[in-house]
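Secondary and tertiary structure notes
Residue-level listing of the chains:
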Amino acid sequence: MNRKDLLGLRDVSREEINEILDTAERFRNVSERKIKKVPTLRGRTVVTFFMENSTRTRMSFDLAAKRLSADTLGFSASSSATKKGETLMDTARNIDAMKPDAIIIRHSAAGSPHMLAKAFPWSVLNAGDGINEHPSQALLDMLTMRDHLGSLEGKTVAIVGDVYHSRVARSNIYGLTTMGAKVVVAGPGTMCPPSMAHLGVEVRHSIDEVLDDADVIMMLRIQRERLQPGMMSTVNEYSRFYGLDIERLRRARPEVLVMHPGPINRGVEMTPDVADGEQSVIMEQVTNGVAVRMALLYLLLGGEPMGGEDAS
Amino acid sequence: MTRTTGMNGVEVGRTLDRLATEMIEQLGVPTDYSLVGIVTGGRPIAERLANRIEQSTGVRPATGSVDITLYRDDLYTGLEKPVLGETLLPFELTGQDIVLVDDVLFTGRTVRAALDVLNDYGRPRTVKLAVLVDRGHRELPISADFVGRTILTQKSDKVEVVVVDDESGSDQVVVHPGGPA
Amino acid sequence: MPADSIVLKGGRVICPASETDAIADVWIQNGQIQAVGSGIDAEDAQIIDCAGSVVAPGFTDLGAELCDPGKTWREDLSSGSEAAAAGGFTTVVASPRTDPVIDTPLAVSETLGRARSVSGARIELAGALTLGLRGETMAELGLMAEAGAVAFSDGRKPMMNAALLRRSLDYARPFGLPIIIRPGDLDLEGSGVMHEGEVSTQIGLRGIPAAAEEIGVGRAIALASLTGARVHLSQVTTAGSVRLIRAAQSEGLPLTAAVPARHLVLTDRLVDESVYNTATRMLPPLRSELDRVALVEAVLDGTVDTITADHVPMTRLEKEMEYMLAAPGAIGLETAFRAALTATNDIHRTLDALAVRPAKIIGRTAEVAVNGVADLVILDLNTEATVAGPYRSKGHNEPLEGVQLKGSVRLTIRDGCIIYGPHGG
């Protein structure tokens, strides 16, 4: 992988994805040792810039950087700078003056990581931009799938929920189709419109239609707090038509993987017994998150020794 | 400056035999120590030594590997990332006697990094070093306890250990001359 | 204005109004065209060699935003007038969307007074339909007309209350001025920042469906038909809108419409290819290739009568934002002709759409005729150049930057004086 930034999976090749997942496997070992730290990014500065609330993703990135021995710095939405009306570019210029090596940014405006990546020399890692992409989430999802399925080629992955407004879905769709998987999506007509086909996925109309041939069922979170009026009726109706319960799960393949980017609305997207059941690999997704993020930081910031030769 | 040629398969075999004998004499019962090969070159050497020790004593020492990529002390600049190898230490390190094994000992920086890796896994009782070839030009105060052969090289030369097959005697050590002295 | 005497020698004079297309000389003096013919020889006249160039009536734009009064860091009457002249425009009807809004006769006369001293294109005014453009209370339309307004406008804010819009049209009709309306639906536009389609799905931006504009066009057609008012649709950008307008016109409805010049060349794919460049954010947004092709056809067959520069200047700072926060708008006065010519490849239709019909909408004639006002433009049809700054506009938000376009404006003359070009201005 030979790039300065990771802004999305839309333009990432199969080789690069394999490299990232293979590297992440190596980093899983670090998190399993007693001393969960390697000196690789010692002295580098990694800034997490989270303009949207998120404890889990932010912690995961912060931990990844720290386990690589980097120094970390955090900006968040409640930072006074933005409250005072400072623009994103102004804030970025201030951060730039501190000479960081990488910025991990989550922002409600699609395209913000791209804007920073164009303007500054440091590496930009997109931790979620609006409804556009969330590449590290999709990569950890794919690593989890690969652990259980071996290869992603030819597998069928179903994504259910508010697919249109989900950056997790979009990145997964791009990554999975690059790796040769087939992606099918289902959700309410407002959240899963026919135009989704532009992304190369098959649009189906209820969760029942995806159960038969899915190797993986990924349930998306219904973000009630973000929905515009008229997007859905009630939570009750949603879970009836689009929720995953034990009955439905029985109709799927016995080895089907159940995934969710978290946090789960238990009883809405899936019932507790499914969330905590045997086919659920949700906790593995979380563990893989740190490893994938370590791999990304290593691949973006690590490099060939300046001497070039193997100085043994 | 004399330039040494490398070693052919027969010479490599004999050197490994001698190394294994020295290690048996000095280290005692193979259950008391473990051989840890430094990825990538040291691993096959460790395997060959373990085989010979097992042939002679009937007991095989435990083997493992350490990958030092994440611990290198060279400064990093962009572009190509070296592929991460696997660090596999399937035994408790603390209180153990470890023999680090590598194919070529040169500046000593790889060994320094390997010591750091071991440190992050535990606290070995002792760490010794066994190498097939010592080519000089040390940059750190590191020396090997078991040396196969010492060869004189220019710093700009490249020493390549080609491991093919222990049995058939097709391993070899090749010295590629670098630029003029 | 000083009374220069100028002879434009040997150019290809194209006057759509009189269906002229021939090589001729044009003699200008005292702000008027004195003669058009061959072998003109005037004493002490400045001779400008126009061989190989086209001599045509100067262009008129209906609805450029000149931001003056109130937001003059984006543009002011003077810079807007200069930018217009560089694009071949001799008349610009400024939008009332200023701060404060131009919604009283006093504001009209004050602004027109200041406009008299500009040295580029002539500036006329459209008065706001409602006070503050809030869409609630009607402004003094009659008094604004008396004070010199040449049109009324909704300032790009569609009036969502159909009853109020109907009454505005009824009331405005007797004053005889065109009513400029942007067809749209604010609810359906919602938080959209680009065209809703394949590209918006791929790059994760909220979209504005074509239907939002088509609903506005439908409303305007129905109410224009009901009231008989002279409605001009200020920006039409979708194939669906074109179909609706074509049908309405075939039934004889005197509805006029304009397409932004850049929409004849650019599509929504540019938002993707430019990697979220905010110069591509505008309202109405750049549409799909299918829409673009339909718009070019509509210009060629006359369904869409006029081409507008759709000039909305913004400063660098206002655009140096995340896409969804960047103010929508693009400058266009300086590139409109080039975009139009490149897309249509038809100089007659281009001149008709940029000069003749817009002038007619505000009751003027754009022609190269003896005793007519000397508002002329000299054009080169065969040059090809990449769009680049520096721009005369204060705004720098030009989405056509880097695009290769055909044609160029060599010289612009207004009231017989050179307002743009190497020989003066």
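In this numbering scheme, every chain counts its residues from 1 along its sequence in written order. Chain letters start at A and ligand numbers start at 1, both assigned in the order the entries are written. Local features in a predicted model are, by the rule used here, given only for residues with pLDDT of at least 70; side-chain atom pairs are given and counted only at 80 or more, and totals for whole chains, interfaces and linings are based on all residues.

Brief notes about the overall build of chain A
- When helices and strands are tallied, chain A shows 11 helices and 10 strands.
- In this description the radius of gyration comes from C-alpha coordinates, and the expected globular size is given by 2.2 Å times residues to the power 0.38. Radius of gyration (C-alpha) of chain A: 20 Å, near the 20 Å computed for a compact globule of 312 residues.
- Overall, the C-alpha framework of chain A stretches about 60 × 50 × 35 Å when taken along its three principal axes.
- Here chain A holds 312 residues, and 50% of them are scored as buried.
- A separation threshold of at least 6 residues defines the contact pool for chain A, and within that pool the share at least 24 residues apart is 75%. Numbering goes from the N terminus for both helices and strands, where a helix is a DSSP run of H or I of at least four residues and a strand is a run of E of at least two. With C-beta atoms placed from the backbone, a residue counts as buried when 20 or more other C-beta atoms lie within 10 Å of its own, as exposed when 12 or fewer do, and as partly exposed for counts between those limits. Working definition of a contact: two residues with C-beta atoms, positioned from the backbone, lying within 7 Å.

Notes on the overall build of chain B
- Counting its secondary structure elements, chain B contains three helices and eight strands.
- Reading chain B from its N terminus to its C terminus gives the helix and strand order α-β-α-β-β-β-α-β-β-β-β.
- Here the C-alpha atoms of chain B give a radius of gyration of 16 Å, agreeing with the 16 Å that 2.2 N^0.38 yields for 181 residues.
- Counting only C-alpha atoms and orienting by the principal axes, one finds that chain B spans roughly 50 × 40 × 25 Å.
- Looking at chain B residue by residue over its 181 residues, the buried ones come to 40%.
- Long-range contacts, defined as pairs at least 24 residues apart, comprise 70% of the intrachain contacts of chain B with a sequence gap of at least 6.

What to know about the environment of Asp276(A)
All names here are of chain A.
- Relative to the helices and strands, Asp 276 is located in the loop between α10 (272-275) and α11 (282-301).
- According to the C-beta neighbour criterion, Asp 276 is partly exposed, with 13 such atoms within 10 Å.
- Here the alpha-carbon distance between Asp 276 and Val 258, two residues 18 residues apart in the chain, equals 10.0 Å.

Considering the sheet that holds strand β3 (residues 102-107) of chain A
All names here are of chain A.
- Read across the sheet, four strands follow the order β2-β1-β3-β4 without closing on themselves; strand pairing throughout is parallel. Here the strands that pair on one side only, and so sit at the sheet edges, are β2 (71-76) and β4 (123-129). Sheet twist, expressed as the mean angle between neighbouring strand axes with direction ignored, is 15°.
- Pairing between strands is defined by DSSP: at least two bridges between the two strands are required. Taken together, the six bridges between strand β1 (residues 45-50) and β2 define a ladder with parallel strand orientation. Note that in β2 the partner of Val 47 across the bridge is Leu 73. Think of each axis as a best-fit line through the C-alpha atoms, taken over the contacting stretch in the case of a helix, with angles from 0 to 180 degrees between the N-to-C directions.

Focus on the pairing of strand β8 (residues 172-176) of chain B
All names here are of chain B.
- Along β8, the buried face is formed by Val 173 and Val 175; none of Gln 172, Val 174 and His 176, which line the opposite face, is buried.
- Note: strand β7 (residues 158-162) against β8, five bridges, orientation antiparallel. Note that in β8 the partner of Lys 158 across the bridge is His 176.

Topic: helix α4 (residues 162-172) of chain C
Residues and elements named next belong to chain C.
- By the burial criterion, the buried members of α4 are Leu 165, Ser 168, Leu 169 and Ala 172. Buried positions in α4, seen along its axis, are confined to an arc of 95° and lie on one side of it.
- Packing partners of the buried residues in α4 comprise α3 (141-147), β9 (151-153), β10 (179-181), α7 (210-227) and β13 (231-233). It is the directions from the helix axis to the C-beta atoms that the arc portrays.

Brief notes about α11(A)
Residues and elements named next belong to chain A.
- One fewer than the residue count of a helix, multiplied by 1.5 Å, yields its expected span. Relative to the 28 Å expected for 20 residues at 1.5 Å per residue, α11 spans 29 Å between its end C-alpha atoms, a close match to the ideal helical length.
- Most pronounced at Asn 288, the bend in α11 amounts to some 30°.
- Counting buried positions along α11 gives 16 out of 20 residues, so the element sits mostly inside the fold. Fitting one axis to the seven residues ending at a residue and another to the seven starting there, the bend at that residue is the angle between the two axes.

Notes on the arrangement of the chains
- Among two pairs of chains with at least one contact, chains A and B form the most extensive contact set.
- Here chain B and chain C are not in contact; the least distance found between their C-alpha atoms is 23 Å.

Describing the packing of helix α6 (residues 135-149) of chain A against helix α7 (residues 167-178) of chain A
Residue and element names in this part refer to chain A.
- It is the contact of α6 with α7, at a shortest axis distance of 8 Å, that shows an interaxial angle of 55°. On the basis of the axis angle, α6 is oblique to α7. The crossing of α6 and α7 is right-handed. Contacts between α6 and α7 involve Pro 135, Gln 137, Ala 138, Leu 139, Asp 141 and Met 142 from the first element and Val 168, Ser 171, Asn 172, Gly 175 and Leu 176 from the second.
- Residues are grouped as follows: Ala, Val, Leu, Ile, Met, Phe, Trp, Tyr, Cys and Pro are nonpolar; Asp, Glu, Lys and Arg are charged; all remaining types, including Gly, are polar. Counted by class, the contact of α6 with α7 contains six nonpolar, four polar and one charged residues. Each angle gets one of four labels, with under 35 degrees taken as roughly parallel, over 145 as roughly antiparallel, 65 to 115 as roughly perpendicular, and the rest as oblique. The handedness criterion is simple: a crossing whose near helix is rotated anticlockwise from the far helix by less than a right angle is left-handed, and one whose near helix is rotated clockwise is right-handed.

Some thoughts on the sheet that holds β13(C)
Residue and element names in this part refer to chain C.
- Overall, parallel pairing links the eight strands, which are arranged β6-β7-β8-β9-β10-β13-β14-β15 in an open sheet. One side of each edge strand has no neighbouring strand; the edge strands of this open sheet are β6 (59-64) and β15 (306-308). Sheet twist, expressed as the average angle between the axes of neighbouring strands with direction ignored, equals 30°.
- As defined by bridge partners, β10 adjoins β13 across three bridges and the pair is classed as parallel. Within the sheet, the bridge partner assigned to Ile 180 lies in β13 and is His 232.

Some points on the interface of chain C and chain A
- Counting residues at the interface gives 14 residues for chain C, matched by 21 residues for chain A.
- Tallied by class, residues from the side of chain C that touches chain A come to eight nonpolar, three polar and three charged.

Examining the pairing of β4(A)
All names here are of chain A.
- When you tally the buried positions in β4, you get seven out of seven residues, the bulk of the element.
- As defined by bridge partners, β3 adjoins β4 across five bridges and the pair is classed as parallel. The residue of β4 that forms the bridge with Ile 104 is Leu 125.
- With the strands pointing away from the viewer, any crossover whose connection runs clockwise from the first strand over the helix to the second is right-handed. With respect to chirality, the unit in which β3 leads through helix α5 (residues 112-119) into the neighbouring parallel β4 is right-handed.

Side note on the domain arrangement of chain A
Residue and element names in this part refer to chain A.
- Domain ranges listed in this record stem from an automatic or a database domain assignment. Looking at chain A, the domain boundaries give domain 1 (14-134 + 287-301) and domain 2 (135-281).
- Computed over C-alpha atoms, the centres of domain 1 and domain 2 are 26 Å apart.
- Listed per partner, the contact involves 20 residues of domain 1 and 20 residues of domain 2.
- For the side of domain 1 that touches domain 2, the class distribution of residues is eight nonpolar, seven polar and five charged.

A word on the environment of Thr227(C)
All names here are of chain C.
- Mapped onto the elements, Thr 227 comes out in helix α7.
- The spacing of Thr 227 and Ala 172 is 55 residues in sequence and 9.9 Å in space, taken between C-alpha atoms.
- Once residues lying within four places of it in the same chain are set aside, the contact partners of Thr 227 are Arg 166, Leu 169, Asp 170 and Arg 173.

Notes on the confidence of the model for chain A
- For every residue, the pLDDT score states the predictor's confidence, bounded by 0 at the bottom and 100 at the top. Residues at a pLDDT of 70 or more form 94% of chain A, whose mean pLDDT is 90.
- This model gives residues 304-312 of chain A a pLDDT under 50, and the stretch forms 19 contacts once residues within four places in sequence are excluded.

Describing the nonpolar core
- Among buried residues, those of type Ala, Val, Leu, Ile, Met, Phe, Trp, Tyr and Cys that are joined through C-beta atoms within 7 Å form a set called a nonpolar core. Core analysis: the largest hydrophobic core is formed by 283 residues, its most contacted members being Ile217(A), Leu297(A), Leu49(B) and Ala340(C).
- In terms of residue count, α11(A) provides more of this core than any other element does, 12 residues in total.
- When we break this core down by domain, the ones giving at least three residues each are domain 1 (14-134 + 287-301) and domain 2 (135-281) of chain A.
- Excluding anything up to four places from it in sequence, Ala340(C) contacts Ala261(C), Leu264(C), Ile307(C), Thr350(C), Ala353(C) and Leu354(C).

A short note on the packing of helix α1 (residues 14-32) of chain A against α11(A)
All names here are of chain A.
- Where α1 contacts α11, the axes come no closer than 7 Å and their chain directions differ by 115°. In this structure, α1 crosses over α11, and the sense of that crossing is right-handed. Judged by residue contacts, Ile 20, Thr 23, Ala 24, Phe 27, Arg 28 and Ser 31 of α1 engage Asn 288, Val 290, Ala 291, Val 292, Met 294, Ala 295, Leu 296, Tyr 298 and Leu 299 from α11.

A few points about unusual backbone geometry
- Of note, the bond from Val39(B) into Thr40(B) is cis; its omega dihedral lies within 30 degrees of zero at 5°.
- Considering the arrangement of structural elements, one finds Thr40(B) in the loop between β1 (33-38) and α2 (42-57).
- For the bond from Leu283(C) to Pro284(C), the omega torsion is 0°, close enough to zero to count as cis.
- Relative to the helices and strands, Pro284(C) resides in the loop between α9 (269-273) and α10 (289-300).

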